Amino acid sequence: MGIVKQQAYKNTIVLYTGMVIAYINTVLLFPPIVGDDNFGFYNLVISVSVLYSLVSAMGVPSIIARYFPFYRTEDGKHNGFIHWVAFLSFIGFGAATALYLIFKPAIIGAYAQSSPLFVKYYYYMIPLALFIIAFNFLEMMGRAVYRTIFSNVLQFVVLRLATTVMLLMIAQKWLTFEDFIFGYIIVNGLISLILMINLLLAGSFKMGRVPSSLTSDKKQEMFNFGMFTLVSGSVYTLLQKVDTLMLSSMASDAVTGVYSWYFNIAMVISIPAQALSRTTYAIVADSWRTKNMANIADIYAKTSIIQLVVGMLLFIGIFINRDNLYALARNKDFTDPKYFTLFIVIGLGFLADITGGLNSYIITTSHKYRLVTLITVIMCIICVGLNYLLIPVYQGLGSAIAYFITIVGMNFATWLYIKIRFKMQPFTYKHLLVLVIAVICYFIGFHFWRLPNVWLDIMVRSGVTAIVYALLTYLFKISADVNEKVDELIAKFVRK
C-alpha cells in the first residue's frame, strides 16, 4: 500500500481543492448567474459529451489498465502498445461521430420541446467529446506508470478554476452563455494538450514510429476485452447520466437543473474513492498479473473502510450545514427545503458505491471481466425502467430513487460474486462502528447552536463535528492506515 498511500494522500488534497472550487461554482455562482434552465443544460452537455466520448474510446482506457503491465519497457516505447491503442481510439471516435450525425434527427427529436438549447448547440458536442477522449486516454497512460497527480490538477483544479473565471465574466456581462459553452470546450482541449506535453517531457512515452511486438491474436484478445469493457463502461456511465438525460427529455431543463445541483453537491462524497482509484486500479491489475490475491484482498479491505470513513464525514457535514448551503445559494428555485430529499437519497447511493470499494475493479481486471458487463447491462435496464416509471410521478426524486436502487443492486451483485468466487470481502464490524460514530456526530453538529454569520457557522459547526468524528475514529482504530498517518503527524509535531 506504500505507493497507494503516497499518491492517494496527494490526490486527496488535489481533489478536495477541486471540490472547494466546484462548490463555489455550484453553490455560489451557477444559481444566481445562469439560473436553473442554463445550469440544467450545462449538465446535459456534460452528460452527452461524456457518453459520446466513452463510446468513442472503444474501451481503450480499460485495455491500457489491464494489458499495459505486460508491454511496459524502460525505454518508453512499450513495444508499440500505446501507438496501437491510440489508433483504436481514433477509429472509435470516427465511428461514433458518424453515428452521432446519422441519428441527429432522432436525438434532437427527444429534446426539441424540453431542451431547445441542446438543439442549438448540437454540434458543439463533437469537439468536446474529442477533447475528453484525448484527456481520458492520456490520464490512463499516466495512471499506468503511476503518474496521477498532474492529470488530477488539470481536471479537478484548472478546469474548474477556468469555469469560475468564465462564470464571473458572465456576471460582468463580458461573456454570454454561448461564449461560456465555447470557452469550456476550448479549456478541455488545452488541458489535454498540456497533459500530453507533461507525459512526453517526463520520458514515460515515446512518439514517432515505434516497432510493435503485438501479435494478431493478442490484438484480437485486447479488442474483445475493449468491447466488453466498452459496453460495461458505457452502461455504467449511463447509470450516472441517465437521470439527467431522461429528466431533460421527460421533464424540463429547470427540473434537471435543480436535480443536478443536488447531485453535484452529493458527488463530493465520492472524492475519497476517486483519489484512491487513481492508483489502486493499476495496483490491482499488476496483482492479477502476478496472481497476488493476498495483495488484492488487502487493498480491497483497506480502501473500503477508508472510503466509508471519509465519505460518511462528508455526508453528515453537508447534512448539518443545509441551512447555510441555502443561505449561500441565494436562489429560491434551488433551495426549497422539499428538495433536500434529493441530496439524502443520492448521497446514500454514493455512500453505498464507495463502501463497495474495488468491487467492479477487481472483476474487470480479472479473467471474469465479462461478468461486470452482464451485471451492468441488467442494472442499466432496471435503472431506465425505474426512471421511466418514477419521473412522471416524482420528477427529480424519482430519478434519485432509481439511482439509489441501481447502485446498491450493482454493488451487492459484484460484492456477492467476489465473496463466493474469490473468497474475499471487505466488511467487518468496524463498518458498523463508523455508522454509529456518524450518527453521534450528526446529532452534535445538527444541534450545535447557530452563529449569526454564515461563514463562521460553517467553520465552527463543521470543525466541532469533524474533531469529534476524527477523535472517535482514531480511538476506535477504525483504519490502521489512518491511525498510522495521524501518528506520523503527531510525531513530527512533537519533534518540532
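Note that the coordinates shown come from a computational prediction; the quantities given were computed from them, not determined experimentally.

J.: Can you help me understand the nonpolar core in this one?
T.: Note on soluble globular proteins: their nonpolar side chains tend to be buried together. Core analysis: the largest hydrophobic core is formed by 124 residues, its most contacted members being Ile 64, Phe 81 and Trp 261. Counting residues per element, this core draws most heavily on helix α1 (residues 2-56), at 18 residues. Counting residues in each nonpolar core, the second largest holds 14 residues, with Ile 283, Ile 299, Ile 362 and Val 372 among its members.

J.: Got a minute to help me understand the pattern of salt bridges in this structure?
T.: When the charged atoms of two side chains with opposite charge come close together, those side chains can pair. Summed over all chains, the structure comprises 5 salt bridges. Residue Lys 302 is joined to Asp 298 by a salt bridge in which the shortest nitrogen-to-oxygen separation is 3.4 Å. Taken together, the residues Lys 302 and Asp 298, both in helix α12 (residues 293-320) and 4 residues apart, mark about one turn of the helix. For Lys 302, a relative accessible area of 26% gives the class partly exposed. Assessed through its relative accessible area of 31%, Asp 298 is described here as partly exposed.

J.: Looking at this structure, I do not really get the environment of Gly 385. What am I missing?
T.: Along the polypeptide, Gly 385 turns up in helix α16 (residues 369-394). In this structure the C-alpha to C-alpha distance between Gly 385 and Ala 402, which are 17 residues apart in sequence, comes to 8.6 Å.

J.: Can you help me understand helix α6 (residues 125-144) in this one?
T.: The α-helix winds at 3.6 residues per turn, so residues separated by three or four positions along the chain end up facing the same way. A rise of 1.5 Å per residue sets the reference length of α6, with its 20 residues, at 28 Å; its end C-alpha atoms lie 28 Å apart and thus fit the reference within 8%. With respect to burial, α6 is a largely interior element, 15 of its 20 residues being buried.

J.: Would you mind showing me how to read the packing of helix α3 (residues 81-102) against helix α4 (residues 104-111) here?
T.: Think of two packed helices as two axes; the pair is described by the angle between the axes and how far apart they sit. Two numbers describe how α3 lies on α4: the axes approach to 5 Å, and their chain directions differ by 60°. The pairing of α3 with α4 is recorded here as oblique in orientation. Here Tyr 100, Leu 101 and Ile 102 of α3 come into contact with α4, specifically with Lys 104, Pro 105 and Ile 107. Residues belonging to the contact of α3 with α4 are distributed by class as follows: 5 nonpolar, no polar and 1 charged.

J.: Even after reading the chapter, I still don't get the packing of α12 against helix α18 (residues 429-446), so can you show me in this structure?
T.: It is the contact of α12 with α18, at a shortest axis distance of 10 Å, that shows an interaxial angle of 20°. Judged on the interaxial angle alone, α18 and α12 are roughly parallel. For the crossing formed where α12 meets α18, the hand is right-handed. Between α12, through Ser 304, Ile 305, Leu 308, Val 309, Met 312, Ile 316, Phe 319 and Ile 320, and α18, the contact on the second element is made entirely by Lys 430, His 431, Val 434, Leu 435, Ala 438, Cys 441, Tyr 442, Gly 445 and Phe 446. A per-class count over the contact of α12 with α18 returns 13 nonpolar, 3 polar and 1 charged.

J.: Is there a simple way to think about the side chain of Ser 366 in this case?
T.: Mapped onto the fold, Ser 366 is located in the loop between α15 (359-364) and α16. A polar side-chain atom of Ser 366 sits 2.7 Å from the main-chain carbonyl oxygen of Ile 363. Engagement of the side chain of Ser 366 in a polar contact is seen with the backbone nitrogen of Lys 368, the distance being 3.1 Å. In this view, Ser 366 contacts Arg 66, Trp 288 and Phe 422; residues no more than four positions away in its chain are not counted.

J.: Even after reading the chapter, I still don't get a nonpolar patch on the surface, so can you show me in this structure?
T.: A cluster of nonpolar side chains, namely Phe 150, Phe 182, Ile 186, Leu 190 and Ile 194, defines an oily patch on the protein surface of about 440 Å² accessible area. Here the element with the most residues in the nonpolar patch is helix α8 (residues 177-201); it accounts for 4 residues.

Thresholds, definitions, all that
- Residues numbered from 1 in each chain as written.
- Predicted model: local features only at pLDDT ≥ 70, side-chain atom pairs only at ≥ 80, totals over all residues.
- Heavy atoms only, no water.
- Core = buried A, V, L, I, M, F, W, Y, C linked by side-chain atoms within 4.5 Å.
- Buried < 20%, exposed > 50% of the residue type's maximum accessible area, 1.4 Å probe, protein only.
- Helix = DSSP H or I, 4+ residues; strand = E, 2+ residues; numbered from the N terminus.
- Salt bridge = Lys/Arg side-chain N within 4 Å of Asp/Glu carboxyl O.
- Expected span 1.5 Å × (residues − 1).
- Axes fitted to C-alpha atoms, helices over the stretch in contact; angles between N-to-C directions.
- Parallel < 35°, antiparallel > 145°, perpendicular 65-115°, else oblique.
- Contact = heavy atoms within 4.5 Å.
- Nonpolar A, V, L, I, M, F, W, Y, C, P; charged D, E, K, R; others polar.
- Left-handed = near helix turned anticlockwise from the far one by under 90°.
- Polar contact = N/O pair within 3.5 Å; in protein donor to acceptor, adjacent residues only side chain to side chain.
- Patch = residues over 30% accessible without salt bridge, like charges linked within 9 Å, V, L, I, M, F, W, Y side chains within 5 Å.
- Areas by Shrake-Rupley, 256 points an atom, 1.4 Å probe, with all protein chains shown as cover.

Don't take any of this as a statement about function, it's just geometry.
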